[in-house]
Amino acid sequence: MTAESVEEPTSTPTGRTDGRPRRFHPAWTVALVALIALIGAAGFRAAPGVLMVPLEEEFGWTTAELSLAVSINLLLYGLIAPFAAALMQRFGIRAVTVVALFVIGAGAALSVFVATPGQLILTWGVLIGLGTGSMALVFAATITDTWFATRRGLVSGVLTAGSATGQLIFLPVIAAAAEDVGWRGASLIIAGGALAVAPLVWIFLRNRPSDLGVTRYGETEPYAAPAPAPRGSAWGAARLALTTLRDAARTKTFWALAIGFAICGATTNGLIGTHFIPSAHDHGMATTTAAGLLAVVGIFDIVGTVFSGWLTDRVNPRILLAAYYALRGVSLLFLPSLLSAEVQPSIVVFIVIYGLDWVATVPPTIALCREVFGTKGPLVFGWVFAAHQIGAGIASILAGIVRDHTGQYTFAWFAAAGLCAVAALVSATIRRHRPAAPASDPAVAPAQPLAD
């Protein structure tokens with residue numbers, strides 16, 4: 001029987017393969033559950049800035065010692081991401097996500113017993129770093145590419161905003177709990193938030209559209225049942241992640257994205273996320289007030305990231321990245337002069353601008369990874385995100401050292417502004433690439449190597 005004699009069923013606009021209409025594509029259910037999972041895992045993202053002051057007061061640890069635990073967390077949060085993406089390909093999105101949520105819950109719960117900086121590194125740094133790394137933005141990229149053929153920019157923007165939503169929900173609660181019942185009670189709230197989401201993920205999240213007999217949302221090509229998922233080992237997943245890094249590292253685009261995203265991490269998670277509340281406290285602002293300002297960052301981050309996803313479907317992502325980094329750098333230049341004991345209109349303006357720009361960089365970065373690296377895009381984004389967290393970890397510890405030696409954060413804010421200018425320049429110079437074509441097409445060249 002020839003291929004021409006076989007009439008394959010085609011998918012409908014809503015993704016069914018049997019010709020019957022479906023009013024609601026299951027991809028949206030998966031996206032919703034993924035969003036809730038990201039919110040549940042985001043509790044610890046808000047915790048360090050709130051809990052650093054109570055820990056410093058109780059144990060007498062220095063800012064640098066506390067920042068070291070946060071830095072290890074941020075580094076693992078990024079470095080585990082590409083391996084988590086490979087594990088999701090090998091063992092399924094659902095299983096990896098549930099395990100990650102349990103690891104986050106265990107790390108947060110065990111942190112109530114810490115008595116030394118080393119124990120804090122083990123719980124805050126290692127356990128929660130591993131768990132949240134498996135629930136990092138690469139999770140959003142994997143969900144987007146697996147379940148959506150269209151609306152990818154919008155979906156990745158919404159999922160990316162999940163971390164901001166988690167910050168919005170948890171940050172004021174953690175700050176209030178730290179004052180009312182202590183930092184240990186706040187840690188248990190984080191543990192409960194992560195564990196509460198796990199059953200929902202196990203019940204409703206599916207690994208791929210074929211599990212439900214549908215195609216990706218917006219897919220119009222004839223339906224062909226995919227081959228069964230390979231039954232590989234964890235080592236096979238690790239090897240896939242490493243070979244992807246080897247291949248991607250041969251292109252200039254990868255290094256441009258990695259450098260820009262490293263600076264993005266340094267100026268968000270590493271500096272503002274970790275040190276804004278301590279810095280505001282140095283200027284006489286109450287911890288709960290400063291935490292409320294960061295919660296406002298979370299509100300506007302949702303708006304900015306979703307809008308950025310919408311723009312990414314319509315505007316050159318290189319232009320978007322350059323504009324985002326430039327705007328962030330300008331706002332950081334003004335921050336040292338805006339902090340005071342009271343909330344002034346000027347600091348509110350800064351919070352709004354920084355919130356809109358917080359992770360607006362993610363949708364265009366994911367889009368460029370997809371454009372240049374094709375089906376390996378989520379894995380490559382995992383390594384780009386690792387650079388994001390390396391930048392965050394380095395900035396977190398260096399800012400703590402600056403604070404210990406100078407008594408203030410001013411030099412850290414100015415240095416971050418300069419780095420944003422570098423990120424804007426690098427992003428603007430990323431070359432365009434032609435869409436990927438089948439390997440048999442000799443007319444299409446691969447991504448340009450680093451040496452060209």
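Provided above is the structure to which this section pertains.
Residues numbered from 1 in each chain as written. Predicted model: local features only at pLDDT ≥ 70, side-chain atom pairs only at ≥ 80, totals over all residues. Heavy atoms only, no water.

Participant: Quick rundown of the side chain of Asp 357? Include the residues and the values.
Facilitator: Mapping Asp 357 onto the fold places it in helix H13 (residues 345-357). For Asp 357, a relative accessible area of 3% translates into the label buried. What Asp 357 contacts, discounting residues up to four positions off in sequence, is Tyr 324, Leu 327 and Arg 328. (Helix = DSSP H or I, 4+ residues; strand = E, 2+ residues; numbered from the N terminus. Buried < 20%, exposed > 50% of the residue type's maximum accessible area, 1.4 Å probe, protein only. Contact = heavy atoms within 4.5 Å.)

Participant: Let's hear about the packing of aromatic side chains: which residues, and what values?
Facilitator: The full count for this structure, using the stated rule, is 13 aromatic pairs. Among the aromatic residues, ring-to-ring pairing joins Trp 28, Phe 148 and Tyr 217 into one connected group. Taking the ring centre of Trp 202 as reference, the NZ or CZ of Arg 94 above it sits at 4.3 Å. A cation over an aromatic ring shows up here: Arg 328 above the ring of Tyr 354, its NZ or CZ 5.9 Å from the ring centre. (Phe/Tyr/Trp six-rings, centres within 6.5 Å; stacked < 30°, edge-to-face > 60°. Lys NZ or Arg CZ within 6 Å of the ring centre and 35° of its normal.)

Participant: Could you give an account of the nonpolar core, with specific residues and numbers?
Facilitator: Core analysis: the biggest nonpolar cluster contains 95 residues, and Val 50, Leu 51, Ile 272, Phe 276, Leu 332, Leu 335 and Phe 381 have the highest contact counts within it. Broken down by element, the residue count for this core peaks at 12 residues, all from helix H10 (residues 252-282). Leaving out residues up to four positions away in the same chain, Phe 276 has contacts with Leu 271, Ala 290, Leu 293, Leu 294, Leu 335, Leu 339, Ile 351 and Trp 413. The next biggest cluster of nonpolar side chains, apart from the first, holds 32 residues, and it includes Met 88, Met 135, Ala 140 and Tyr 217. (Core = buried A, V, L, I, M, F, W, Y, C linked by side-chain atoms within 4.5 Å.)

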